[in-house]
Amino acid sequence: MAFDSKDLKNLVDKVSDTLSEAGRNLSATTKTVIDVTPLTLKLKEKESYLEKQYFELGILYYQDHEKDENPEYEQLARITAIRDEIKEVRSKIAEVRGKETCPSCGEYLEKGHTYCPHCGTKIKV
Ligand SMILES: [Zn+2]
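Worth saying up front: this structure is predicted, and the values here are computed from it rather than measured.

### A word on the overall build of the chain
On a plain count of helices and strands, the chain comes out with two helices and two strands. Reading the helices (α) and strands (β) of the chain from amino to carboxyl end gives α-α-β-β. Taken against the 2.2 N^0.38 rule, which gives 14 Å for 125 residues, the C-alpha radius of gyration of the chain at 33 Å runs more than 25% over that of a compact globule. The principal-axis extents of the C-alpha atoms in the chain amount to approximately 105 × 40 × 25 Å. Expressed as a percentage of the 125 residues in the chain, the buried residues total 2%. Partitioning the intrachain contacts of the chain with sequence separation of at least 6 by distance along the chain shows that 0% fall at a separation of at least 24.

Have a look at this one:
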């Protein structure tokens, strides 16, 4: 079986069709990426905003309920416990650096402050 010019033309047409289809698929993919990217960015922005709102609500809830006798959520006790541990570690770091920490806000202070310059809490009697 000989390979003639008609076979060659068929082959070229077939390759050409395949390449065209690949090109169309690629441009469809590119268009999808172009269309989806701003939506994805918008989604990330919205999700980030939502996360920030939950976080802020958590702080507000904690502040309102940290002294509850029978807290509704065990996270309250966990937050209080980790806050105490953080205060302790900050205090140790301050001690090593020759400083002290505010007992209220936990900021590092030079020794000798009567009031915390960050939150106004009285440091020494
Ligand atoms: Zn303070």
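Don't stop here, the text continues.
### As for the domain arrangement of the chain
Taken as a whole, the chain is organised into domain 1 (1-65) and domain 2 (74-125). Distance between the C-alpha centres of domain 1 and domain 2: 50 Å.

### Considering the environment of Pro103
Tracing the sequence through the fold places Pro103 in the loop between strand S1 (100-101) and strand S2 (108-109). Judged by the 12 C-beta atoms lying within 10 Å of it, Pro103 is exposed. In this structure the C-alpha to C-alpha distance between Pro103 and Glu21, which are 82 residues apart in sequence, comes to 70 Å.

### Let's talk about helix H2 (residues 74-96)
Between the first and last C-alpha of H2 there are 34 Å, a value that for 23 residues agrees with the 33 Å anticipated at 1.5 Å per step. The buried count for H2 comes to zero of 23 residues, which makes it a mostly uncovered element. Taken from the residues just after H2, Gly98 is the one with a positive phi, measuring 75 degrees.

### Regarding the environment of Tyr115
Among the secondary structure elements, Tyr115 is positioned in the segment after S2. C-beta crowding within 10 Å serves as the criterion here: with 13 such atoms nearby, Tyr115 is assigned to the partly exposed category. For Tyr115 and Cys102, which are 13 residues apart along the polypeptide, the C-alpha to C-alpha distance reads 8.7 Å. In this view, Tyr115 contacts Gly120, Thr121, Lys122 and Ile123; residues no more than four positions away in its chain are not counted.

Rules and cut-offs
- Residues numbered from 1 in each chain as written.
- Predicted model: local features only at pLDDT ≥ 70, side-chain atom pairs only at ≥ 80, totals over all residues.
- Helix = DSSP H or I, 4+ residues; strand = E, 2+ residues; numbered from the N terminus.
- Rg over C-alpha atoms; globule rule 2.2 N^0.38 Å.
- Buried ≥ 20, exposed ≤ 12 C-beta atoms within 10 Å, placed from the backbone.
- Contact = placed C-beta atoms within 7 Å.
- Domains from an automatic or database assignment.
- Expected span 1.5 Å × (residues − 1).

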